[in-house]
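A look at the structure
Below, each chain spelled out in residue letters.
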Amino acid sequence: MATQFLQEMDNLNISDPKEMMSLAIKWVQKTFPNVESVTTGTLQCWMEEKPDELIILDTRSTAEFEVSHLPGAILIDPQSDTLQEFLQKQLLPESKNKNVICYCTVGYRSSMIAQSVNEFLSSEASQTPKTSLKVYNAEGGLVKWASERRLMVDKQEQPIHLVHPYSAAWAKLLEPELQAQI
């Protein structure tokens, strides 16, 4: 599905990263209509005003996470079987009334994880007390966050402005000065 989107972008001959990002956001929201999005501005406010009420999940690879991530983010490998195990440990009764924020490069992988978290929360197999957790996908992912010059940190938790673009094709959504070498 992502390959099809990238081909459509090439066919439209769009080269402006902001225009491409706008189309990517619409594509992710159309692909995952049951996943609620949170804007970067709202997310930043939540991170500043109520960080204890957030569980921020980075759904990218370790290599991507080590280049840059949101402060306080927890790396969740989308290819791993440990998501359910993590959720059972993290979503304890004291976690109720929290917002779970999922993000990746542009929002596709994080929307898949957000959908899985929502399914887990609604399943009888979760065996957790009813919670009022809200699950969101960060609109535009780390690409939008970085393009707005919002705070990211590297593996040493030092501020950084670079983003691992996942692939050369997705790098087109990032301004060149924000692209980490891959």
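Further up the page is the structure itself.
Residues numbered from 1 in each chain as written. Predicted model: local features only at pLDDT ≥ 70, side-chain atom pairs only at ≥ 80, totals over all residues. Heavy atoms only, no water.

Applying the stated criterion across every chain, the model contains 6 aromatic pairs. Geometrically, the ring pair formed by Phe 5 and Trp 170 is stacked, given 5.9 Å between the ring centres and 15° between the ring planes. In this pair, Phe 5 is assigned in helix α1 (residues 2-12) and Trp 170 in helix α8 (residues 168-171), connecting sequence segments 165 residues apart. Accessibility assignment for this pair places Phe 5 and Trp 170 in one class, buried. Feature note: the residues Phe 5, Trp 27, Phe 32, Tyr 108 and Trp 170 constitute an aromatic cluster, connected by ring pairs. Over the aromatic face of Trp 145 sits the side chain of Arg 150, whose NZ or CZ is 5.6 Å from the ring centroid. (Phe/Tyr/Trp six-rings, centres within 6.5 Å; stacked < 30°, edge-to-face > 60°. Helix = DSSP H or I, 4+ residues; strand = E, 2+ residues; numbered from the N terminus. Buried < 20%, exposed > 50% of the residue type's maximum accessible area, 1.4 Å probe, protein only. Lys NZ or Arg CZ within 6 Å of the ring centre and 35° of its normal.)

Before going further, it helps to spend a moment on the pattern of salt bridges. On inspection of all chains with the given rule, the structure shows 9 salt bridges. One salt bridge in this structure joins Arg 149 and Glu 177, with 3.2 Å as the shortest N-O distance. Taken together, the positions of Arg 149 in the loop between α7 (141-147) and β6 (152-153) and Glu 177 in the segment after α8 put the pair 28 residues apart, joining distant regions of the chain. Given a relative accessible area of 48%, Arg 149 falls into the partly exposed group. By relative accessible area, which is 42% here, Glu 177 ends up partly exposed. Through salt bridges with shared partners, one network takes in Glu 139, Lys 144, Glu 148 and Arg 150. (Salt bridge = Lys/Arg side-chain N within 4 Å of Asp/Glu carboxyl O.)

Side chains of residues three or four places apart in an α-helix project in the same direction, reflecting 3.6 residues per turn. For α1, the complete set of buried residues consists of Phe 5, Leu 6 and Met 9. Seen end-on, α1 carries its buried residues on one side only, within an arc spanning 95°. Away from its buried face by more than 90 degrees, α1 exposes Thr 3 and Asn 11. Just downstream of α1 lies Asn 13, where phi reads positive at about 55°. (Arc of directions from axis to C-beta.)

This part is about helix α3 (residues 40-49). Those residues of α3 that sit buried are Thr 40, Leu 43, Trp 46 and Met 47. Taken end-on, α3 shows its buried residues confined to a sector of 120°, consistent with a single buried face. The exposed set on the far side of α3, more than 90 degrees from its buried face, consists of Glu 48 and Glu 49. Where the residues of α3 are buried, they touch β1 (36-38), β2 (54-58), β4 (99-103), β5 (134-138) and α7. (Contact = heavy atoms within 4.5 Å.)

For the rest of this paragraph, the subject is the environment of Gln 115. Positionally, Gln 115 belongs in helix α6 (residues 108-122). C-alpha of Gln 115 to C-alpha of Leu 57: the two residues are 58 residues apart in sequence and 13 Å apart in space. Residue contacts for Gln 115: discarding those within four places in its chain leaves Phe 32 and Val 35.

Attention now goes to the side chain of Glu 139. With respect to the helices, strands and loops of the structure, Glu 139 is situated in the loop between β5 and α7. Overall, the relative accessible area of 16% leaves Glu 139 in the buried class. Ignoring any residue separated from it by four or fewer positions in sequence, one finds Glu 139 in contact with Ile 25, Gln 29, Ser 37, Val 38, Thr 39, Thr 40 and Lys 144.

Distances and angles like these do not, on their own, reveal function.
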